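# Analysis of the macromolecular model
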Amino acid sequence: MVSNAIKIKGLGFKRGSKTILEDINIEVPEGSMVAIMGPSGVGKTTLLQLISGQLMPNAGTIEVYGQCVSTMRHRALYKFRSNLGVLLQNGALFTDLSVYENVAIPLREHADLPEVLIRRLVLSKLHSVGLRRAVGLMPSELSGGMARRVALARAVVLDPKLVLYDEPLTGLDPITVSTLIRLMRDTNDALNMTSLIVTHDVDEMQKLADYCYIMAGSRIVGEGTPEELLRDENESVKQFVNGLVDGPVPFHYEATELHEDYLGQG
Amino acid sequence: MQAVISFMEPLFVAPIRRFGRGFLFLIRLLVRIRCSYRQISAVLTQIHSIGTRSLLLIMVSGFFVGMVLSLQGYRELAQFGATDAVGAILGLSLFRELGPVLTALLFAGRAGTSITAEIGLMKATDQLMAMDLMAIDPLTRVVLPRFMAGVLSLPVLTAVFNMMGLIGGSFYAVNIMGVDSGIFWGNMQAHIDLHADFMVGVYKSVMFGLLVSLTAVYTGFYAVPTGSGVGRATTQTVVVSAVLMLVFDFIMTSLIK
């Protein structure tokens, strides 16, 4: 039986009085690639921040490999994060360090290795994302897709057990998207990792994810394999998966009645 | 009562709260100091980046401030036939007040702003968050080396400023106005006390280094992560460190006898 890498039970999170997440239940089996999908602003990135321990939940528990993230103290949290790879939406490469130094930095911090070995590891990771020749470039000299690939190499350079991807495919051209999807899948399988991907890209997740959760209105409204979700009868799931304008997911941000804004309360 | 509290809040409570937060931030930095090769190397890199690159500005400014002091002092003293005392006045003004204060002001404008902008931009582009997610402490890796470099650089830069001020002052008084070189330097030596005058300047430069560097890293680290937020933080660094410095200058001058 495959055990769970991530187990989220009854998770709730509020910002002030606004409820961002409510009663979220997610299980991510070890070795799988699970996608959290949903429209923009639904709280997907907040969920990643909760899983990585950047935010504390108001309710429920988050267990990663049996450890409760929300009760970890600073030192334990850093120990947990050293086994975690995170690919942020913009790559977040260190702009004053070269590509080589960017990928080498987790090794220098967490592994006591001689420089020769660090160089070999960095070059092999960069080779796996097709950027071995870019080793001496600065982040400002990279295209968006190249920067994302360097960030991927950096995220997996320590061979983490779990990788979190925050909108990894947003704003990239189709060739780079296909390349990144292949890289993410290959890396996950080759290193026996677990991947959690936050995205709103339905078509690409059909190819990549083993299992998907769909969020709408602060909650999980649907889950299943990509094929199952295509046949799901839930209105919110149908609207999101098929990209429909009309449906329960509103286009307008919560607002007062239109006439109140234009004509005043009186 | 509510009205009084809301009136007092921005005037007194908010600055006191910020002062307290700044102090706690300083403690968080100090407990992270280690005598490791990596940390020393990071501090040296930052000393080169923010200290050495401020050197030219400090040297040129010091030279001209010295010349102006000599010029003003010479004109006034000439009315009483006491131009021989110009060396003593130049030394006293530089060592006690102008050296530490002007160097710190220039340092806040040249290096403090660049520290704030650099840290603020790293925050705005999620680099600090990425570091934190990689279990690399941004305070240890990014903030502390810049803070330490500022604290260590400013006293040295003040010494350079003073030296250039003396060279500039003596150039005007001795080479242009014809004051005797021996009298110029002799008077300075006779009237300046090592502890009462020279060391006061050293203490001040250490305190100003701490204030400017702490203000710069604090405002950068807590900058609102947007373009205008980083811009505002950069301005704040200059304004806050200048005001703090002048307040502490008064306190130190009145306390140290």
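What counts, and where the lines are drawn
- Residue positions are counted from 1 within each chain, in the order its sequence is given.
- Here the convention is simple: chains get letters from A, ligands get numbers from 1, in the order in which they are written.
- At least 70 in pLDDT is required for a residue's local features to be given in this predicted model, at least 80 for side-chain atom pairs to be given and counted, and no such filter applies to totals for whole chains, interfaces and linings, which use all residues.
- Labels follow the DSSP assignment, with helices taken as runs of H or I lasting at least four residues and strands as runs of E lasting at least two, numbered in each case from the N terminus.
- Atoms counted for the radius of gyration: C-alpha only. Globule rule: 2.2 Å times residue count to the power 0.38.
- Whether a residue is buried, exposed or partly exposed follows from its count of other C-beta atoms within 10 Å of its own C-beta, namely 20 or more, 12 or fewer, or something in between, respectively; the C-beta atoms are built from the backbone.
- The contact rule is simple: place each C-beta atom from the backbone, and if two of them lie within 7 Å, those residues are in contact.
- When DSSP locates at least two bridges between a pair of strands, those strands are taken to pair.
- By definition here, a helix of n residues has an expected span of 1.5 Å times n minus one.
- The arc in question is the one traced by the directions running from the helix axis out to the C-beta atoms.
- Every axis corresponds to a line fitted to the C-alpha atoms, with the helix fit spanning only the stretch in contact, and the corresponding angles, defined between N-to-C directions, vary from 0 to 180 degrees.
- Throughout this description, any angle smaller than 35 degrees is read as roughly parallel, any larger than 145 degrees as roughly antiparallel, any in the 65 to 115 degree range as roughly perpendicular, and the remainder as oblique.
- By convention the crossing between two helices is left-handed if the near helix lies anticlockwise of the far one by an angle smaller than a right angle, and right-handed if it lies clockwise.
- Polarity classes work like this: nonpolar for Ala, Val, Leu, Ile, Met, Phe, Trp, Tyr, Cys and Pro, charged for Asp, Glu, Lys and Arg, and polar for all others, with Gly in that last group.

Before going further, it helps to examine the overall build of chain A. If you tally the helices and strands in chain A, you get 10 helices and 10 strands. For 266 residues, the compact-globule estimate of 2.2 N^0.38 gives 18 Å, and the C-alpha radius of gyration of chain A, at 20 Å, lies within 12% of that figure. When the 266 residues of chain A are sorted by exposure, 39% land in the buried category. Relative to all contacts within chain A whose residues are 6 or more apart in sequence, the contacts with residues 24 or more apart total 63%.

Another point: the overall build of chain B. Helices and strands together make up the secondary structure of chain B, namely 9 helices and 0 strands. Each helix and strand of chain B, placed in order from N terminus to C terminus, yields the pattern α-α-α-α-α-α-α-α-α. In terms of overall dimensions, chain B has a C-alpha envelope of 70 × 55 × 30 Å along the principal axes. The buried share among the 257 residues of chain B stands at 41%. Partitioning the contacts of chain B with sequence separation of at least 6, the portion at a separation of at least 24 is 87%.

Residue and element names in this part refer to chain A. Read from one edge to the other, the open sheet built from 4 strands follows the order β2-β1-β4-β5, with strand pairing classed as antiparallel. For this open sheet the edge positions go to β2 (18-29) and β5 (67-68), each flanked by a neighbour on one side alone. Where strand β1 (residues 4-15) meets strand β4 (residues 59-64), 5 bridges bridge the pair, whose relative direction is antiparallel. Bridged to Lys-7 within β4 is Glu-63.

A few words on helix α6 (residues 174-190) of chain A. Residue and element names in this part refer to chain A. An ideal rise of 1.5 Å per residue puts 24 Å on 17 residues; α6 measures up with 24 Å between its terminal C-alpha atoms. Listed as buried for α6 are Val-177, Leu-180, Met-184, Thr-187 and Asn-188. Down the axis of α6, the buried side of the element spans an arc of 100°, and every buried residue falls inside it. The exposed set on the far side of α6, more than 90 degrees from its buried face, consists of Pro-174, Ile-175, Arg-182, Asp-186, Asp-189 and Ala-190. Tucked inside the fold, the buried residues of α6 contact β3 (33-37), α5 (144-156), β8 (194-199) and α7 (202-208).

As a further point, take the packing of helix α6 (residues 138-176) of chain B against helix α8 (residues 194-221) of chain B. Residue and element names in this part refer to chain B. At a minimum axis distance of 8 Å, the contact between α6 and α8 shows a crossing angle of 150°. Taken together, the axes of α6 and α8 lie roughly antiparallel to each other. Crossing of α6 against α8: the hand is right-handed. The class makeup of the residues in the contact of α6 with α8 is 14 nonpolar, 6 polar and 1 charged.

Here we take up the interface of chain A and chain B. Tallying the contact residues gives 13 residues for chain A and 9 residues for chain B. Listing elements by their share of the side of chain A that touches chain B, those giving two or more residues are α2 (74-81) and α3 (99-110) of chain A. For the side of chain A that touches chain B, the element with the most residues is α3 of chain A, which contributes 3 residues. Here the residues of the side of chain A that touches chain B are counted per class, giving 6 nonpolar, 5 polar and 2 charged.

Turning to the packing of α8 of chain B against helix α9 (residues 227-255) of chain B, a few remarks are in order. Residues and elements named next belong to chain B. α9 packs onto α8 with a crossing angle of 155° between their chain directions and a minimal axis gap of 9 Å. On the basis of the axis angle, α8 is roughly antiparallel to α9. Of the two elements, α8 crosses α9, and the hand of that crossing is right-handed. Taking contact as the criterion, the partners of Tyr-203, Lys-204, Met-207, Phe-208, Leu-211, Val-212, Thr-215, Ala-216, Thr-219 and Gly-220 in α8 are, on α9, Ala-233, Gln-236, Thr-237, Val-240, Ser-241, Leu-244, Met-245, Phe-248, Asp-249 and Met-252. Looking at the contact of α8 with α9 residue by residue, the class counts come to 12 nonpolar, 6 polar and 2 charged.

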